[in-house]
Amino acid sequence: MGRCWLVLVFCCLGQLCADQSLKPQIAAPQLATNNPTLTTVTLEKPFCMFDGSVHPNKSYVIYLYAMKESASAISSLVTDNDNKPLNSTFQQTSGGQLGPYKAALFNVPNCASPPKLAEVGDVNKVSDVLKQYLFRVGDDGTCLYDPNFLAVCNPPLAPDTTYRFKYVLLDSTEGIVKDQTLWSDSIKTRGVKLPLKIDTWPGRRSGDMIVITSILSVLVFLLLVGFLASVFSAVMGSKDSSAEPRCMSQTNQQSEPRPQLSSE
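About the thresholds
- Residues numbered from 1 in each chain as written.
- Predicted model: local features only at pLDDT ≥ 70, side-chain atom pairs only at ≥ 80, totals over all residues.
- Heavy atoms only, no water.
- Helix = DSSP H or I, 4+ residues; strand = E, 2+ residues; numbered from the N terminus.
- Buried < 20%, exposed > 50% of the residue type's maximum accessible area, 1.4 Å probe, protein only.
- Contact = heavy atoms within 4.5 Å.
- Areas by Shrake-Rupley, 256 points an atom, 1.4 Å probe, with all protein chains shown as cover.
- Core = buried A, V, L, I, M, F, W, Y, C linked by side-chain atoms within 4.5 Å.
- Phe/Tyr/Trp six-rings, centres within 6.5 Å; stacked < 30°, edge-to-face > 60°.
- Arc of directions from axis to C-beta.
- Polar contact = N/O pair within 3.5 Å; in protein donor to acceptor, adjacent residues only side chain to side chain.
- Pairing = 2+ DSSP bridges.
- Disulfide = S-S within 2.5 Å.

Looking at an unreviewed UniProt entry, the protein chain carries the name UPK3A protein, with the source organism given as Chunga burmeisteri.

## A closer look at the overall build of the protein chain
Along the protein chain, the regular secondary structure elements total three helices and seven strands. The burial tally for the protein chain puts 30% of its 264 residues in the buried class. Restricting the contact set of the protein chain to residue pairs at least 6 apart, pairs at least 24 apart contribute 71%. Total accessible area on the protein chain is roughly 17700 Å²; 58% of this is exposed by carbon and sulfur atoms.

## Quick look at the nonpolar core
In terms of nonpolar packing, the biggest core is built from 21 residues, with Leu 43, Leu 64, Val 137, Leu 157, Phe 165 and Tyr 167 touching the most fellow members. Apart from the residues lying within four places of it in its own chain, the contact partners of Tyr 167 are Pro 24, Leu 43, Glu 44, Lys 45, Pro 46, Phe 50, Ile 62, Tyr 63, Leu 64, Phe 106, Gln 180 and Thr 181.

## Remarks on the environment of Leu 182
Mapped onto the secondary structure, Leu 182 falls in the loop between β6 (176–180) and β7 (187–188). When its relative accessible area of 56% is taken as the criterion, Leu 182 is described as exposed. Sequence separation of Leu 182 and Val 168 is 14 residues, and the distance between their C-alpha atoms is 9.4 Å. What Leu 182 contacts, discounting residues up to four positions off in sequence, is Leu 22, Lys 23, Pro 24, Phe 165 and Lys 166.

## What about the packing of aromatic side chains?
Taken as a whole and assessed by the stated rule, the structure comprises six aromatic pairs. Their ring planes at 85° and their centres at 5.2 Å tell us that Phe 90 and Tyr 101 sit as a pair that is edge-to-face. Residue Phe 90 is located in the loop between β2 (60–68) and β3 (101–107), and its partner Tyr 101 is located in strand β3; the two are separated by 11 residues in the primary sequence. Exposure remark for Phe 90: the relative accessible area of 17% places this residue in the buried category. Residue classification places Tyr 101 among the buried positions, given a relative accessible area of 0%. Geometrically, the ring pair formed by Phe 106 and Tyr 167 is edge-to-face, given 6.1 Å between the ring centres and 80° between the ring planes. Here Phe 106 is found in strand β3, whereas its partner Tyr 167 is found in strand β5 (residues 162–171), with 61 residues between them in sequence.

## Quick notes on helix α2 (residues 123–133)
Within α2 the residues assigned to the buried category are Val 129, Leu 130 and Tyr 133. Down the axis of α2, the buried side of the element spans an arc of 100°, and every buried residue falls inside it. Exposed residues pointing more than 90 degrees away from the buried face of α2 are listed as Asn 124 and Lys 131.

## Looking at the side chain of Asp 171
Secondary-structure assignment places Asp 171 in strand β5. From its side chain, Asp 171 meets the backbone nitrogen of Glu 174 in a polar contact 3.3 Å long.

## What to know about the pairing of β3
In terms of residue burial, β3 counts as a mostly covered element, since five of its seven residues are buried. Relative to β3, β2 is paired through six bridges, and the arrangement is antiparallel. The residue of β3 that forms the bridge with Tyr 63 is Leu 105.

## Quick look at the state of the cysteines
Linking two cysteines covalently through their sulfur atoms gives a disulfide. Tallied over the entire structure, the rule returns one disulfide. Disulfide pairing is shown between Cys 143 and Cys 153; the S-S distance is 1.9 Å. Looking down the S-S bond of the Cys 143 and Cys 153 bridge, the torsion is 65°, so its handedness is right-handed. Residue Cys 143 is found in the loop between β4 (134–137) and β5, and its partner Cys 153 is found in the loop between β4 and β5; the two are separated by 10 residues along the sequence. Judged on exposure class, the residue Cys 143 and its partner Cys 153 are both buried.

Right under this line is the structure:
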């Protein structure tokens, strides 16, 4: 069953779904479970979004920009006056608070030759196939603290924070932006739930759990009553058995004739 829906998803992607909007989309729950997390957001890569801007015999790459929704609209531009992409980093923008930062760089996805559908059924290859369709923002937890790291840094996002994302098509030869998507819809990372705020009231539990808990409580009570009853019965039985020989010994002593003293 799982193989069937996965094949259908890839078929849809391979046939260039016409209703795909020109902005980054959060990955479908079937492809990326637990998304977003506290510090990551998994997006679909821009398959077939830039087909009209890509020309043969030229080299292109995709830039992914991220910013917090609280950043001002004026600072949401990702190009300078010469139409060159901004090289703003996570640190320079305070994690996207002051404007967009470059979070990733990867090759333009090739719609003409998607992964072979026969490989989807292979458990050992599913992960590699999904990586060609999805990108996880915030997946690198070490680049900020590595002085030798020279690539584009993709550090963890902030929990309980709303972000927006944008894909940009860059002509590697000329070094200028050829096309770009709209900013994505607002996507919020998950918040940390404090232990004191976790609701343990039975109203939050399912009806089945309440019934099971009630039955188990009654069974435990009955077992306890039975155990106490058996202990009480054993104690009373031991008292009765010890009292009976004592009574018999006293009766025997009273029934024995006393020797008569001879009178001189």
